[in-house]
Amino acid sequence: MYYFDWTTFFQYINPITAFQDPLVRSGLLATVMVSIVAQLMGVILGLFAALGKMSKFPLFRSIAELYVWYFRGTPLLVQMMILYYGLGVTHIFDFPDIHIGALAVSGAIQAGTLALGINEGAYMAEIVRAGIEAIDVGQMEAAKSLGMPYGLAMRRIILPQAAKVIIPPLGNEFNNMMKTTSLMTVIAATELLFAFSQVNARKFEPFELYIAASLYYLVLTTLWSIIQARLESGLGERKGAEQTPGMLQRIFAVKEAH
Amino acid sequence: MSDPLLDDSYTPDASTIVKAIKVNKYFGRLHVLNDITIEVCKNEVVVVIGPSGSGKSTFLRTINHLEKINSGRLYVNGHLIGYTLRNGRLHEESEKNIARQRAEIGMVFQRFNLFPHLTALENIIEAPLNVRQIPREQAEEEGMRLLDRVGLADKADKYPNQISGGQQQRVAIARALAMKPSLMLFDEPTSALDPEMIGEVLDVMKELAGEMTMIVVSHEMGFARAAADRILFMDEGRIIEDTTPEELFANPKEERTRAFLSKILH
């Protein structure tokens, strides 16, 4: 019978003892940082892709549609490998390590973040576009009739309103993003999963260690759900919007009794 | 192809605000504007009536280039609106230049189209601040004066969904006036309002009449009688009658006009 090593398990789920292992520390930090940076990239790229898709210029429309088509139609894992190994071998870009203060960002982390961000942009494009299209056309007409050029009207009138529609799905995207960063393990980027794999290589207790790893993701996504619920209820209160899902409903994906 | 009937030697004079010469527009095969030719002078109030689908709203929207035209010439303040002429053909102006032209033309919409994420005062000062680059303090001061003028100084900090339809439309009028336009366009400004709120909006518009050039698409005959210098009757994309309200109500020339008036005057 398999003997479950509770000692190792507790050692690695208790942050105080787990963080004594520098691998776990840097892995967790990398997962959080990569998620944030890649999601930001995704939002920015998604915004441009959405505007491109709605552009009156056929060239912009084609570029945006090609981008969304390719990055949504091919596996992220493959995109990541093309970026890291492909660009590396062609010497188009070798992903040298970057040092930001005391923080060393490895090439694998850079490539992984880039792939996650570009891929996310293709998904965000649809979300942003749906948000913009949800705004009544009268808003753009009113802005134009006041002499606002397209860009100004977008920035000051349409996007602030679209943000209300975009933020809930954006929160879900970020939740996914934190889990998806684990794919970077295949290009040996030291994120959370890779860190636990490294620990496992030393101790060979995969059951205990991977369950422990999964719990870190669970903590991250749960914390985010709580933050998200706060953000959205704040958003709703200010504009008198309808009730957003409560925290329990969000975490367990069940309907709360009223 | 230049139209030999079009006189491109039109020289603007200061008293003409809008000049339309044989303006045509099609939606697919539908001829929505058919050789529209009119002139609106400074401080004139022109009311446009006509059955739905007659092209009156479309015509109004061509005046600030929210709708493109297919042929003809449409001048506002002596400038072709939305286009430049090259070899007798219309070429659409750049985004920036169209925006600059629109800044001189106020528009009030049927559904108000206030910006819901901004307060009444913020709605009013948005364009003066960001289009005209007026200092905030000055813009707010002028904005408050305009709110006061439409009787809503106490609603400055309210969001559109916190005030009534009539109040929203009055804020929308103030918002358009804040750009100090030389022409105001009203696209059925009272038809989305509950009956008891129509009066307050018309009162504001009546007060504006006389000091502002206005083109108003509306079936409010009381307003037309009290404030309009001219009344246009449109049907099937054409201007059928162009006369004074008194004349139109007393003896409409066309049978169509008579039939239409009998329907809306009960």
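Remember, it's a predicted structure, so these values are computed and weren't measured experimentally.

Calculation criteria
- Residues numbered from 1 in each chain as written.
- Chains lettered and ligands numbered in written order.
- Predicted model: local features only at pLDDT ≥ 70, side-chain atom pairs only at ≥ 80, totals over all residues.
- Heavy atoms only, no water.
- Helix = DSSP H or I, 4+ residues; strand = E, 2+ residues; numbered from the N terminus.
- Rg over C-alpha atoms; globule rule 2.2 N^0.38 Å.
- Contact = heavy atoms within 4.5 Å.
- Areas by Shrake-Rupley, 256 points an atom, 1.4 Å probe, with all protein chains shown as cover.
- Lys, Arg positive; Asp, Glu negative; His and termini not counted.
- Charge placed at Lys NZ, Arg CZ, Asp CG, Glu CD.
- Buried < 20%, exposed > 50% of the residue type's maximum accessible area, 1.4 Å probe, protein only.
- Salt bridge = Lys/Arg side-chain N within 4 Å of Asp/Glu carboxyl O.
- Pairing = 2+ DSSP bridges.
- Axes fitted to C-alpha atoms, helices over the stretch in contact; angles between N-to-C directions.

A.B. asks: What's the story with the overall build of chain B in this structure? I'm lost.
C.D. replies: Looking only at helices and strands, chain B features 9 helices and 12 strands. For 266 residues, the compact-globule formula gives about 18 Å, and the C-alpha radius of gyration of chain B, at 19 Å, lands near that figure. Along the first, second and third principal axes, the C-alpha set of chain B runs to 55 × 50 × 35 Å. Summarising the internal contacts of chain B: among those between residues at least 6 apart in sequence, 63% fall at separations of at least 24. Carbon and sulfur atoms make up 46% of the accessible area of chain B, which totals about 12000 Å². Side-chain charges of chain B comprise 32 positive and 39 negative groups, with the mean position of each set lying 5 Å from the other.

A.B. asks: What is the right way to look at the overall build of chain A in this model?
C.D. replies: Helices and strands together make up the secondary structure of chain A, namely 11 helices and 2 strands. Along the chain direction, N to C, the helices and strands of chain A fall in the order α-α-α-α-α-β-β-α-α-α-α-α-α. The dimensions of chain A, computed from C-alpha atoms along their principal axes, are 75 × 60 × 35 Å. Residues counted as buried form 43% of the 258 residues belonging to chain A. If you take every contact in chain A between residues at least 6 apart in sequence, the share linking residues at least 24 apart comes to 70%. For chain A, the computed accessible surface area is about 14000 Å², with 69% contributed by carbon and sulfur atoms.

A.B. asks: Could you clarify how one ought to interpret the pattern of salt bridges in this entry?
C.D. replies: Proximity of charged atoms lets side chains of opposite charge pair with each other. Per the counting criterion, the structure on display carries 23 salt bridges over all chains. Glu141 of chain A is the partner of Arg61 of chain B in a salt bridge, and the nearest nitrogen-oxygen pair spans 2.6 Å. A residue pair is termed interchain when its members come from two chains, as with Arg61 of chain B in helix H1 (residues 56-63) and Glu141 of chain A in helix H7 (residues 137-145).

A.B. asks: Is there a simple way to think about the sheet that holds strand S3 (residues 45-49) of chain B in this case?
C.D. replies: Sheets are built from strands that pair by backbone hydrogen bonding, the pairs being arranged parallel or antiparallel. Residue and element names in this part refer to chain B. The strand order S8-S9-S10-S3-S11-S12 describes an open sheet built from 6 strands, whose pairing is mixed. Strand pairing shows two members of the sheet lacking a second neighbour, strand S8 (105-108) and strand S12 (238-243), which therefore form its edges. In this sheet, adjacent strand axes meet at a mean angle of 20 degrees when their direction is disregarded. Direction of pairing for strand S9 (residues 183-187) relative to strand S10 (residues 214-217): parallel, over a ladder of 4 bridges. The residue bridging Leu185 from the neighbouring strand is Ile215, located in S10. Strands in contact with helix H5 (residues 165-177) are S8 and S9; relative to S8, the strand with the most contacts, it is inclined by about 170 degrees.

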